[in-house]
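Coordinate analysis (summary)
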Amino acid sequence: MFEHVPGYAGDPIFHLNEMFHKDPRQQKVNLTIGLYYDDDGQIPVLNTVQRAEQQLAASTRPRAYLPIEGDHAYRQRVQAMVFGENHPVVKQGRVATIQSVGGTGALKVGGEFLHDAYPDSQLWMSDPAWENHHDIFRGCGIPTHSYPYYDPTTRALDFNRMVASIRSLPPKSIVLLHACCHNPTGVDPTPEQWQTLITVMKEGDLIPFFDMAYQGFGSGMDEDAFAVRAAADAGLSFLVANSFSKNLSLYSERCGGLSVVCATAEEADRVLGQLMAVVRRTYSTPPSHGGVVTARVLSDPDLYRDWQGEVAEMRNRILQMRERVHSLLAQRVPDYDASHFVNQVGMFSYTGFSTQVIQRLRNDHGVYVLDSGRISVPGLNSRNVEYFCDAVAASLR
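The structure reproduced in this document is the subject of the present report. Owing to the predicted nature of the structure, the values given are computational and were not obtained by experimental measurement.

**A short note on the side chain of Asp-151**
Structurally, Asp-151 is set in strand 5 (residues 150–151). No salt bridge forms around the buried Asp-151; measuring N to O, its nearest opposite-charge neighbour Arg-161 is 6.9 Å away. Of the polar contacts made by the side chain of Asp-151, one reaches the backbone nitrogen of Thr-153; its length is 2.9 Å. The contacts of Asp-151, once residues within four sequence positions are left out, are Ala-156 and Asp-158.

**With respect to the nonpolar core**
By size, the foremost hydrophobic cluster in this structure holds 103 residues, and its most contacted members are Phe-83, Phe-210 and Phe-238. The element best represented in this core is helix 13 (residues 301–332), accounting for 9 residues. Sequence-distant contacts of Phe-238, that is, excluding residues within four places in its chain, are made with Phe-83, Pro-208, Phe-210, Val-228, Ala-231, Ala-232, Ser-259, Val-260 and Val-261. Ranked by size, the runner-up nonpolar core spans 29 residues in total, among them Leu-258, Val-260, Ala-268 and Leu-275.

**Observations regarding the packing of aromatic side chains**
Across all of its chains, the model carries 10 aromatic pairs by this definition. Taking 5.4 Å as the distance between ring centres and 85° as the angle between the ring planes, the aromatic pair formed by Phe-210 and Phe-238 counts as edge-to-face. With Phe-210 in strand 8 (residues 207–212) and Phe-238 in strand 9 (residues 238–243), this residue pair connects regions lying 28 residues apart in the sequence. On the accessibility criterion, Phe-210 (0% relative accessible area) is buried. Residue classification places Phe-238 among the buried residues on the basis of a relative accessible area of 1%. Between Tyr-304 and Trp-307, the aromatic rings sit 5.8 Å apart at their centres with planes inclined by 50°, giving tilted as the arrangement. Of the two residues, Tyr-304 and Trp-307 both sit in helix 13, 3 residues apart, roughly one turn of that helix. Tyr-304 gets classed as partly exposed once you look at its relative accessible area, which sits at 25%.

**What to know about unusual backbone geometry**
Both trends apply: most residues other than glycine have a negative phi, and most peptide bonds are in trans. At the junction of Asp-127 and Pro-128, the peptide bond is cis and its omega measures out at 5° in the coordinates. With an omega dihedral of 25°, the bond running from Asn-183 to Pro-184 counts as a cis peptide bond. Turning to its location among the elements, Pro-184 is positioned in the loop between strand 7 (174–178) and helix 8 (191–203). Its identity is not glycine, yet Ser-249 carries a phi of approximately 50°, on the positive side. Mapped onto the secondary structure, Ser-249 falls in the loop between strand 9 and strand 10 (255–261). Its identity is not glycine, yet Ser-284 carries a phi of approximately 75°, on the positive side. Structurally, Ser-284 is set in the loop between helix 11 (265–282) and helix 12 (289–299). Looking at Ser-284, the relative accessible area reads 22%, which means it is partly exposed.

**Let's talk about the pairing of strand 3 (residues 123–127)**
For strand 3, the tally of buried residues reaches 4 of 5 residues, placing the bulk of the element in the interior. Note that strand 3 and strand 4 (residues 144–148) share 5 bridges and pair parallel. Pairing of Asp-127 across the sheet is with Pro-148, part of strand 4. Note that the unit made of strand 3, helix 6 (residues 131–139) and strand 4 has a crossover that is right-handed. Pairing of strand 3 with strand 7, which is carried by 2 bridges, proceeds in the parallel orientation. Note that in strand 7 the partner of Leu-123 across the bridge is Ile-174.

**As for a nonpolar patch on the surface**
Residues Met-1, Phe-2 and Val-5 make up a contiguous nonpolar surface patch of about 410 Å² in total accessible area. As for its placement among the helices and strands, Phe-2 is situated in the segment before helix 1 (12–22). A relative accessible area of 60% places Phe-2 in the exposed class.

**Some points on helix 16 (residues 385–396)**
A rise of 1.5 Å per residue sets the reference length of helix 16, with its 12 residues, at 16 Å; its end C-alpha atoms lie 16 Å apart and thus fit the reference within 8%. Where helix 16 is buried, its residues touch strand 1 (29–30), helix 13, helix 15 (355–365), strand 12 (367–368) and strand 13 (374–376).

**Examining the environment of Gln-195**
Structurally, Gln-195 can be placed in helix 8. Given the relative accessible area of 37%, Gln-195 is considered partly exposed. Expressed as a C-alpha distance, the spacing of Gln-195 and Ala-230, which sit 35 residues apart in the sequence, is 7.2 Å. Once residues within four sequence positions are removed from consideration, Gln-195 is found in contact with Phe-226 and Ala-230.

About the cut-offs
- Residues numbered from 1 in each chain as written.
- Predicted model: local features only at pLDDT ≥ 70, side-chain atom pairs only at ≥ 80, totals over all residues.
- Heavy atoms only, no water.
- Helix = DSSP H or I, 4+ residues; strand = E, 2+ residues; numbered from the N terminus.
- Buried < 20%, exposed > 50% of the residue type's maximum accessible area, 1.4 Å probe, protein only.
- Lys, Arg positive; Asp, Glu negative; His and termini not counted.
- Salt bridge = Lys/Arg side-chain N within 4 Å of Asp/Glu carboxyl O.
- Polar contact = N/O pair within 3.5 Å; in protein donor to acceptor, adjacent residues only side chain to side chain.
- Contact = heavy atoms within 4.5 Å.
- Core = buried A, V, L, I, M, F, W, Y, C linked by side-chain atoms within 4.5 Å.
- Phe/Tyr/Trp six-rings, centres within 6.5 Å; stacked < 30°, edge-to-face > 60°.
- Pairing = 2+ DSSP bridges.
- Right-handed = clockwise from strand over helix to strand, strands pointing away.
- Patch = residues over 30% accessible without salt bridge, like charges linked within 9 Å, V, L, I, M, F, W, Y side chains within 5 Å.
- Areas by Shrake-Rupley, 256 points an atom, 1.4 Å probe, with all protein chains shown as cover.
- Expected span 1.5 Å × (residues − 1).

Here's what the structure looks like:
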């Protein structure tokens, strides 16, 4: 019956991750998959998450289905995290929010909704992009394209070409944007550049879709939400997907949210109904446990305060690794400009390593880097960062 079905080539990032684990060498470094590791090389279970789970375990509760749109307290906290506690769009009821199956699920539901609402619209995303973005939206029936974003010569944002490209798009085109900590480059627009982009999208009658998977890992919770809140301040209607996988270290619980900012509360109510219709025909209702834990951490003042501290520790550890790499490479390879390691932000750094350097790192030193040259900075720690820099220095020669 299925002899005609082709095989699945697999995800290249997961494939490299598997190669790393099969590598028999004792000294090796995994910089492939986008997971936060602590300085012991472990995925942390946050203290605040443990405390929230202990509180929940102390009370017996039924395991009934959640509403289609998700847990009410969770959705409220998503809005507070994304837009700020007292933003007018929230207080006026102009945001339709659902609890989603991770940030990826939020993108999928948003894509299905947009394709229903604007069947002729096409989507543009950064070049380079997280490759799964193309697959998600094409799977919704939306053709995808790229706009200029990264300049490999300067290893920085190619802002003028980006703006010119977005300015040329047809009305009601969908523009996918990383609100912070761009994946894969680690290069973000400045606040002033975001304001320019928002003006261009408003004048062009475009549909912004923000992906905010790393809130708190760039400059801070509020700072990383600047673009989203500025778009709301400017009166745009747009979508934003957010995730708690990284900042709560709840990867397997798939805790995400999709919010749609609308012109009126009545419009938001109708949009929420259409988001629910997509959910109902896709996975019916979201899972409960991770969402209840997330809502507890974000709602309890003591847990929330302590969680902010834990996120700051993770953010600062990433920054320390960036600074350490920059310092060590300056010593080992003085003629190599490693400034991009400290100029880029968030979990990822686009190294600009050539294919030859990447192969040498992998084959000669057991240092696993994506073929694009992207590294996941939290894979570095106090025990392996010098080895990584030694391997880079040897591979660059």
